[in-house]
Amino acid sequence: MTGTGNWARSTMSRRGLIRGAGVMGVGLSAAALIGCSSSTETKPAASGSSAAGGAAASTAPKGTIRQGTGKLSEPYDPAIMLSAGPTYWGNWGNLALTANKQNYKLEPSLVESWEVKSPTEIALKVRKGVFFHDKAPTNGREMNASDVAYSLMRHAALLDKEKVALYPRRTNFRFMTEAVATDANTVTLKMSAPNSAILNGMADMRTPIMPVESKDTGFTDPSKVVGTGPYMIKQLDNAGNGTLVVNPKYWEKGLPKAAEVTKQSFDTYQANTASFIGDTIDYLTMTNQPWSEVQAVGKARPDAARLTWDYGYIHYLRFNNKKPLFADERVRRALTLVIDGKAIGDAFYGELASPTGPLVSTWTNEAIPASEIVKRPGWNPATREADIAEAKKLMEAAGFKEGEISAAIMVFNTPVHPANSERVRAQWLRVWPKIKITLDGPVDSGPFNQRLAAGTFDMMAYSNLPTTDGAVEFQNFYASDGSRNYGSFADPEVDKLCAAAIQEFDIAKRGALIKQAEEIVINKSPIISYYYAKQVSYVTPKWAGYEGYPGPGGQGGADMVEACKFVSLK
Amino acid sequence: MGRYIARRVLALIPQLLIILALVVVMVELTPGDVIDSMLGDSGQITPEARAKLERSLGLDKSLPVRYVSYLGGVIQGDLGVSITRGRPVSDMIQERVLVTTELTIYAVIVSIVIGIPLGMAAAVARGKVTDYAIRFFAVLFLGIPSFLVATMMVLLPALWFRWRPPLFVPLDKGLLPHLFSMLLPVMAVSLVFMATNVRMMRSSFIDVMQQDYIRTARSKGLTATRVWFRHGLKNALLPTVTLIGLQAAGLVSGAVVVEQVFTLPGLGSSMHSRDVTTP
């Protein structure tokens, strides 16, 4: 340090200050690197205990599956849970029935057989030898018909009539008036009207079986949440982070194959992605992410396997039929005919977009096959010019010779919907340069749902996860009293066909009825369904079993969670 | 002094009442209510079902009635029960407030400990490369919001080095791992405030260094360092200290956003849109 001269030119002092700052910065960086290497995150466990005591060491569950999920919503009540709920219950709860992931046929689970005694009565035979987790409040007791009956009544919102609106799966159990345990292993469902979809409703990932003790314990304490699933909660905090260990009394012998599941809950998608790239979680579900991001993750993790499969998340634009402009079928049809759904899907999803826009999930018995749809006007690339010419005629007949209509698209607040809507507008402008379409949004979920209910929109850009039953799905969207008929479309013939289908237990006849209704809806164009996006997930290569597992199931990420009981270390 | 403090504390009461009223009104005015948020895209419900739900949740009462009921609870220390979570709000706050407080305090300390010396260095090296470099980074970090910095801190190391910052480690699992897990979140929160402190400190230090008493001190033969720290710093700190007090509120709001990016179990990650309490 100099002691003479102009102090402002005391370079040693300045240097000392900067040196000190540099040393501090280096020290902090070193501390960060040390902190990373001494992280206490879960590392793959060594071989764990056997799922069934006494099993040979080679078949004993081993390894730790590291799951990353969205924020867990409280309470942990599967009857009420919306988003991340299934990814938790998929590990610790079982369903009454399940759907085969390859052909979507109904298969037994906790209910091992069923008998349709009459159109309004179904008897379910509950499987014996299934035990709840060996912890409070069930303490490992055997599951019985009362548990199944209680669970179905809850999911159907029959036990809480004041708050029925909070139960999103209640439509799976339409017309059900009661579920009663007639003996220790038999549940009788009674309905006020036939509902052939009710069995598929029980195969919904989001309708697991809960113990009757839940009435008293509630669902706010994660340590008291129990099920019959392959894993039980060892530790879970209110943020959704925790560890699950093998249920030693799990009824499917030889399963699960992994000894432990750790859950990390992420508030943001970026943190989830970074965790997969940093190899601290074992799979990453990238549904509804742009193709460029999917590719970026692939480049960052070239060792990871990328799995894709059909998924029912349909992206669409829906007209509000109550608005005078869109009450005119010609305007709707004209706007629908000119849309190139493939171009819209490809632009956002690359190879992950399926080019047709089915009205019902394509793997269901009720769907007009995608291979048929793609030949229809509006979807067929070979007839695009003719479709545009037809659209112009329709618009002119409706009184808008140059397409000079003015309307707004209410855009939901996720990245894909503004992108889809911009492309739709651009396609319309190419055909009708005088058309005036504004994009209203992106709109957050609260006001979006409010405006949907109030009908205060012209068109809306949205997407929906399917239900487990094609007839219910179609009815939800297009019957005049459908819970997802946001555009207030109404056609008496469609209503009649939907009602008949729901009450028809013969699968072939049921499918034919819905297909008839679909033809009407296609011609009346209340909706432009552009495409559906395939589910895409990346999986760490050390796990085997995910690649064969995902199939048409429609419920996406939850399938990956259920697959946890099948996967094993390579 | 005692009387002054008592007056200021008493003045807090009407201020808190006004803030509480404003918050309640603003939540009420936000489009879409807690029921819309809870229902999500589960489908439309009939007006009767909605009315029943509102009644069961106490939302059918008028806003003034709900406000007075809520106020009565607050005065008694009861913050109500969260409609969406079904748990007492005070429990939820208690679980999480420590993490947010800790993050905020660390951020204040870091923004002071790094910001003030850097501001002084920039002032002392005025017009030189050091000064320009420090000011460049200060302006850069002033312009970048903390949530963006946080997101980049999480994503870029993962993409470039396949490294992800450590997840939050509770204090009872070890002090050092806990501090390491807080390091990047603290940096993300503190950067913008550090930048403000740098600029304020630089500016006030330059002012102070031009004062007559500083020249007098130097002419008496005191070393530059002694002049800076013993005479200059104390006076130059005044505006910065005032600023730090004003920054506190901003730090808390920055913290709750950054918590979500780093998945810290603080108040930020427990926030839910439009959640209100049952009256």
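Here the structure is a predicted model, which is why all the values come from computation and not from measurement.

1. A closer look at the overall build of chain B
When helices and strands are counted, chain B shows ten helices and two strands. Each helix and strand of chain B, placed in order from N terminus to C terminus, yields the pattern α-α-α-α-β-α-α-α-α-α-α-β. Computed over C-alpha atoms, the radius of gyration of chain B comes to 24 Å, more than 25% over the 19 Å expected from 2.2 N^0.38 for 279 residues, which places it beyond the range of a compact globule. Summarising its shape, the C-alpha atoms of chain B cover approximately 85 × 60 × 35 Å along the three principal directions. Looking at the 279 residues of chain B, the share that counts as buried comes to 38%. Residue pairs at least 24 apart in sequence account for 74% of intrachain contacts in chain B once pairs closer than 6 positions are excluded.

2. A few points about the overall build of chain A
Broken down by element type, chain A carries 18 helices and 21 strands. Residues counted as buried form 52% of the 570 residues belonging to chain A.

3. A few points about the pairing of strand β10 (residues 260-266) of chain A
All names here are of chain A. Across the seven residues of β10, seven count as buried, placing the element largely inside the fold. Residue alternation in β10 divides its side chains into two sets, E260, T262, Q264 and F266 and V261, K263 and S265, and both sets are buried. As paired strands, strand β1 (residues 64-70) and β10 are joined by seven bridges and run parallel to one another. For Q67, the partnering residue across the bridge sits in β10 and is K263. The pairing of strand β9 (residues 242-246) with β10 spans four bridges and is classified as antiparallel.

4. Looking at the sheet that holds strand β13 (residues 314-319) of chain A
Residue and element names in this part refer to chain A. Ordered by their spatial adjacency, six strands build an open sheet running β14-β18-β13-β17-β15-β16, and the pairing between neighbours is mixed. The open sheet has two edge strands with one neighbour each: β14 (353-354) and β16 (436-443). Running at roughly 40° to strand β18 (residues 527-533), helix α10 (residues 341-349) makes contact with β14 and β18 of the sheet. Here helix α13 (residues 416-431) sits on the sheet and contacts β13, β15 (406-412), β16, β17 (459-464) and β18; the angle it forms with β16, its principal contact strand, is near 180°.

5. What about the nonpolar core?
The tendency in soluble globular proteins is for nonpolar side chains to be buried as a group. With 212 residues, the main nonpolar core has A:A96, A:L110, A:V148, A:M460, A:F474, B:V154 and B:A188 as its most contacted residues. The leading source of residues in this core is helix α8 (residues 175-209) of chain B, at 19 residues. For A:M460, the residues in contact, after removing those within four places along its chain, are A:R318, A:I409, A:M410, A:L452 and A:Y486.

6. Regarding unusual backbone geometry
Residues and elements named next belong to chain A. A cis geometry characterises the amide bond from A136 onward to P137, with omega recorded as 5°. Residue P442 is reached from G441 by a cis peptide bond, and omega for that bond is 15°. Position of P442 relative to the elements: it lies in strand β16. In this model, A157 sits at a positive phi of 65°, which is unusual for a non-glycine residue. Along the chain, A157 turns up in the loop between α3 (145-155) and β6 (176-183).

7. Digging into the sheet that holds β9(A)
Residue and element names in this part refer to chain A. Ordered in space as β1-β10-β9-β8, the four strands form an open sheet in which the pairing is mixed. The sheet terminates laterally at β1 and β8 (231-236), the two strands that pair on one side only. Averaged over all neighbouring strand pairs, the angle between strand axes comes to 25°, with direction disregarded. By the bridge criterion, five bridges tie β8 to β9 in an arrangement that is antiparallel. Within the sheet, the bridge partner assigned to Q235 lies in β9 and is T243. The sheet contacts of helix α6 (residues 269-277) involve β1 and β10, and relative to β10 the element is tilted by about 140°.

8. Quick word on α8(B)
Residues and elements named next belong to chain B. With 35 residues, α8 ought to run about 51 Å at 1.5 Å a step, yet its terminal C-alpha atoms sit only 41 Å apart, falling short of that. A maximum bend of about 45° is found in α8 at S190. Burial runs high along α8: 27 of the 35 residues are buried.

9. Digging into the packing of helix α15 (residues 470-478) of chain A against helix α16 (residues 492-502) of chain A
For any two helices packed against each other, one specifies the crossing angle of their axes together with the interaxial distance. Residue and element names in this part refer to chain A. The N-to-C vectors of α15 and α16 enclose an angle of 155°; their axes lie 10 Å apart at closest approach. The pairing of α15 with α16 is recorded here as roughly antiparallel in orientation. Considering the relative orientation of α15 and α16, their crossing is left-handed. Here A471, F474, Q475 and Y478 of α15 lie close against α16, whose contacting residues are V494, C498, A501 and I502. Split into classes, the residues belonging to the contact of α15 with α16 amount to seven nonpolar, one polar and no charged.

10. Thoughts on α6(A)
Residue and element names in this part refer to chain A. Within α6, seven of the nine residues are buried, which leaves the element mostly enclosed by the surrounding structure. Residues A271, N272, T273, A274, S275, F276 and I277 constitute the buried set of α6. Just downstream of α6 lies D279, where phi reads positive at about 60°.

11. Overview of the confidence of the model for chain A
Residues and elements named next belong to chain A. With 85% of its residues at a pLDDT of 70 or more, chain A has an overall mean of 83. Here residues 1-12 is a poorly scored stretch, pLDDT under 50, and it has twelve contacts once near neighbours within four places are set aside; other chains count. Every residue in residues 29-57 scores below 50 in pLDDT, and together they form 51 contacts with partners more than four places removed in sequence or on other chains.

12. A word on the pairing of β6(A)
All names here are of chain A. Here six bridges tie β6 to strand β7 (residues 186-191), and the two strands are oriented antiparallel to one another. Residue pairing across strands places A181 opposite V187, the latter belonging to β7. Taking the residues between adjacent antiparallel strands as the criterion, β6 and β7 are bridged by two residues.

13. A look at the confidence of the model for chain B
In regions of low pLDDT, the predicted coordinates are not meant to be interpreted in detail. Residue and element names in this part refer to chain B. Looking at chain B as a whole, its pLDDT mean stands at 86, while 95% of the residues score no less than 70. When mean pLDDT is compared element by element in chain B, helix α6 (residues 129-143) scores highest at 94, while strand β2 (residues 277-278) scores lowest at 60. Model confidence for the complex is summarised by a pTM of 0.81, with the ipTM given as 0.80.

14. A look at the packing of α8(B) against helix α10 (residues 224-262) of chain B
Residue and element names in this part refer to chain B. Where α8 meets α10, the closest approach of the two axes is 8 Å, and the angle between their N-to-C directions is 165°. What the angle tells us is that α8 and α10 run roughly antiparallel. Crossing angle aside, the handedness with which α8 passes α10 is right-handed. Of the residues that constitute the contact of α8 with α10, the class distribution is 17 nonpolar, eight polar and no charged.

Rules behind the numbers
- In this numbering scheme, every chain counts its residues from 1 along its sequence in written order.
- All chains are assigned letters beginning with A, and all ligands numbers beginning with 1, in the order in which they are written.
- At least 70 in pLDDT is required for a residue's local features to be given in this predicted model, at least 80 for side-chain atom pairs to be given and counted, and no such filter applies to totals for whole chains, interfaces and linings, which use all residues.
- Helix numbering and strand numbering both begin at the N terminus, where a helix is a DSSP run of H or I of at least 4 residues and a strand a DSSP run of E of at least 2.
- To get the radius of gyration, use the C-alpha atoms; to get the globule rule, take the number of residues to the power 0.38 and multiply by 2.2 Å.
- Burial is judged by counting other C-beta atoms within 10 Å of a residue's own C-beta: 20 or more means buried, 12 or fewer means exposed, and anything between counts as partly exposed, with every C-beta placed from the backbone.
- Throughout, a pair of residues is in contact if the C-beta atoms placed from their backbones lie within 7 Å.
- Pairing between strands is defined by DSSP: at least two bridges between the two strands are required.
- In this description, a line fitted to the C-alpha atoms serves as the axis of each element, helices being fitted only across the stretch in contact, and the angle between N-to-C directions of two axes falls anywhere from 0 to 180 degrees.
- Definition of nonpolar core: a set of buried Ala, Val, Leu, Ile, Met, Phe, Trp, Tyr and Cys residues joined via C-beta atoms within 7 Å.
- Expected helix span is computed as 1.5 Å times (number of residues minus one).
- By definition, a residue's bend is the angle between the axes fitted to the seven residues ending there and the seven starting there.
- Our angle categories are set so that under 35 degrees counts as roughly parallel, over 145 as roughly antiparallel, 65 to 115 as roughly perpendicular, and the remainder as oblique.
- By convention, the crossing between two helices is left-handed when the near helix turns anticlockwise from the far helix through less than a right angle, and right-handed when the turn is clockwise.
- Ten residue types, Ala, Val, Leu, Ile, Met, Phe, Trp, Tyr, Cys and Pro, are classed as nonpolar, four, Asp, Glu, Lys and Arg, as charged, and the remainder, Gly among them, as polar.
- The pLDDT value expresses, per residue, how confident the predictor is, ranging between 0 and 100.

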